[in-house]
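# Fold and contact review
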Amino acid sequence: GNSVTQMEGPVTLSEEAFLTINCTYTATGYPSLFWYVQYPGEGLQLLLKATKADDKGSNKGFEATYRKETTSFHLEKGSVQVSDSAVYFCALSDLRTSGSRLTFGEGTQLTVNP
Amino acid sequence: GAVVSQHPSRVICKSGTSVKIECRSLDFQATTMFWYRQFPKKSLMLMATSNEGSKATYEQGVEKDKFLINHASLTLSTLTVTSAHPEDSSFYICSALSEGSIEQYFGPGTRLTVT
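Residues numbered from 1 in each chain as written. Chains lettered and ligands numbered in written order. Predicted model: local features only at pLDDT ≥ 70, side-chain atom pairs only at ≥ 80, totals over all residues. Heavy atoms only, no water.

## A few points about the overall build of chain A
Tallying secondary structure elements over chain A gives 1 helix and 12 strands in all. Reading the helices (α) and strands (β) of chain A from amino to carboxyl end gives β-β-β-β-β-β-β-β-β-β-α-β-β. Taken over the C-alpha trace, chain A has a radius of gyration of 14 Å; the compact-globule value for 114 residues is 13 Å, and the two agree within 12%. Referenced to the eigenvectors of the C-alpha coordinate spread, the extents of chain A come out at roughly 45 × 30 × 20 Å. Counting over 114 residues, chain A shows a buried share of 45%. In chain A, the proportion of contacts linking residues at least 24 apart, taken out of those at least 6 apart, comes to 57%. If you sum the accessible surface of chain A, you get close to 5,400 Å²; carbon and sulfur atoms cover 47% of it. Within chain A, the 12 negative side-chain charges are centred at a point lying 10 Å from the centre of the 9 positive side-chain charges. (Helix = DSSP H or I, 4+ residues; strand = E, 2+ residues; numbered from the N terminus. Rg over C-alpha atoms; globule rule 2.2 N^0.38 Å. Buried < 20%, exposed > 50% of the residue type's maximum accessible area, 1.4 Å probe, protein only. Contact = heavy atoms within 4.5 Å. Areas by Shrake-Rupley, 256 points an atom, 1.4 Å probe, with all protein chains shown as cover. Lys, Arg positive; Asp, Glu negative; His and termini not counted. Charge placed at Lys NZ, Arg CZ, Asp CG, Glu CD.)

Here is the structure:
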């Protein structure tokens, strides 16, 4: 079956620090990969996505590259801000094996201090 | 961008009563909607998938008679928690998908507290 593994949190950084949140996946097909962000008390917002190998998704300074050889989709940002404090979820969907259902990682809590 | 709303955002109900949560896609037609449950500091647990005009598909372990899902139109799905108990207290989130798309758009969530 499909699964997503994220680096465990919580992650605490100072403002302007470099961020990496690791994400690896297992899939029987050829999945699309996503990063979602959840601010306190809210639903999830799509941060970025990639649909094929070597695609790079980017948004709001965040980036992630679909690496088929390492089955990874690590999230990076060069300089985090206090407003980036949230929970980040890595997810995949595999239309061929599980339709449009999303498989989520456990989430990584990020706290950015001023 | 695509907007999904949920109503109510918070609800408190007494044990044994039923509560209905609405999920609406505001600016697109959602052929598929999903209902999730999220426990504190945990990931989302998919409860069911609903396609417009057909019965919902429930995940293993989710009681279909307790969590009634209706997707009567392309912009509205409802989740009714019947005979609610304190253990049903949780954060319920819906998402919506338009035909041919791979991106799910999430609602802001509904905090249910059963006393």
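## Thoughts on the layout of surface pockets
Considering only enclosed or pocket space, the largest pocket measures out at about 580 Å³ in volume. Residue lining of the largest pocket: 26 residues in total, with Val87(A), Gln109(A), Pro40(B), Lys41(B) and Lys42(B) positioned closest to the centre. For the lining of the largest pocket, the per-class residue count stands at 11 nonpolar, 10 polar and 5 charged. Roughly 250 Å³ of internal volume is contained in the second largest pocket. Arg101(A), Leu102(A), Thr103(A), Leu46(B) and Glu59(B) are, among the 14 residues lining the second largest pocket, the residues nearest its centre. Those elements that place two or more of their residues in the lining of the second largest pocket are strand E11 (102–104) of chain A together with strand E5 (44–51) of chain B. (1 Å grid on protein atoms, 1.4 Å probe; cavity = no way out; pocket = protein on both sides within 12 Å on 5 of 7 lines; lining within 4 Å. Points joined across faces, edges and corners; volume = space filled by probe spheres on them. Nonpolar A, V, L, I, M, F, W, Y, C, P; charged D, E, K, R; others polar.)

## A word on the confidence of the model for chain B
For chain B, per-residue confidence averages 93 on the pLDDT scale, and 99% of positions sit at 70 or higher. When pLDDT is averaged over each helix and strand of chain B, the minimum, 91, is found for strand E7 (residues 67–73) of chain B and the maximum, 97, for strand E2 (residues 10–13) of chain B. (pLDDT = per-residue confidence, 0-100.)

## A few points about the state of the cysteines
The term disulfide refers to a covalent linkage connecting the sulfur atoms of a pair of cysteines. Residues and elements named next belong to chain A. Taken as a whole, this structure holds 2 disulfides over all chains when the rule is applied. There is a disulfide in this structure between Cys-23 and Cys-90, and the S-S distance comes to 2.0 Å. As the torsion about the S-S bond is roughly -70 degrees, the Cys-23-Cys-90 disulfide counts as left-handed. Here Cys-90 lies in strand E10 (residues 86–93) and Cys-23 lies in strand E4 (residues 23–26), a separation of 67 residues in the sequence. (Disulfide = S-S within 2.5 Å.)

## Observations regarding the side chain of Asp94(A)
Residues and elements named next belong to chain A. Following the sequence through the fold, Asp-94 ends up in the loop between E10 and helix H1 (95–98). Among the polar contacts made by the side chain of Asp-94, one reaches the main-chain amide nitrogen of Gly-29 at a distance of 3.0 Å. If we ignore the near neighbours within four places in the chain, the residues touching Asp-94 are Asn-2, Ala-27, Thr-28, Gly-29, Tyr-30, Pro-31 and Gly-99. (Polar contact = N/O pair within 3.5 Å; in protein donor to acceptor, adjacent residues only side chain to side chain.)

## Description of the sheet that holds strand E9 (residues 75–77) of chain A
Residues and elements named next belong to chain A. Spatially, 4 strands are ordered E3-E9-E8-E7 in an open sheet, and the strand pairing comes out antiparallel. Every interior strand has two partners, whereas the edge strands, strand E3 (19–21) and strand E7 (56–59), have only one. Sheet twist, expressed as the average angle between the axes of neighbouring strands with direction ignored, equals 15 degrees. (Pairing = 2+ DSSP bridges. Axes fitted to C-alpha atoms, helices over the stretch in contact; angles between N-to-C directions.)

## A look at the interface of chain B and chain A
On the side of chain A, 19 residues touch chain B, which itself brings 18 residues to the contact. Between chain B and chain A the total buried area reaches about 1,500 Å² when both faces are included, carbon and sulfur atoms providing 58% of it. On the chain B side of the interface with chain A, the three residues burying the most area are Ser43(B), Ile102(B) and Phe106(B), jointly 37% of the side's total. On the surface where chain B and chain A come into contact, there are 2 salt bridges. For the salt bridge of Lys49(A) with Glu103(B), the shortest nitrogen-to-oxygen distance reads 2.5 Å. Of all the secondary-structure elements, those providing two or more residues to the side of chain B that touches chain A are strand E4 (32–38), E5 and strand E9 (90–97) of chain B. Considered class by class, the residues forming the side of chain B that touches chain A number 10 nonpolar, 5 polar and 3 charged. (Buried area = accessible area lost by both parts, 1.4 Å probe. Salt bridge = Lys/Arg side-chain N within 4 Å of Asp/Glu carboxyl O.)

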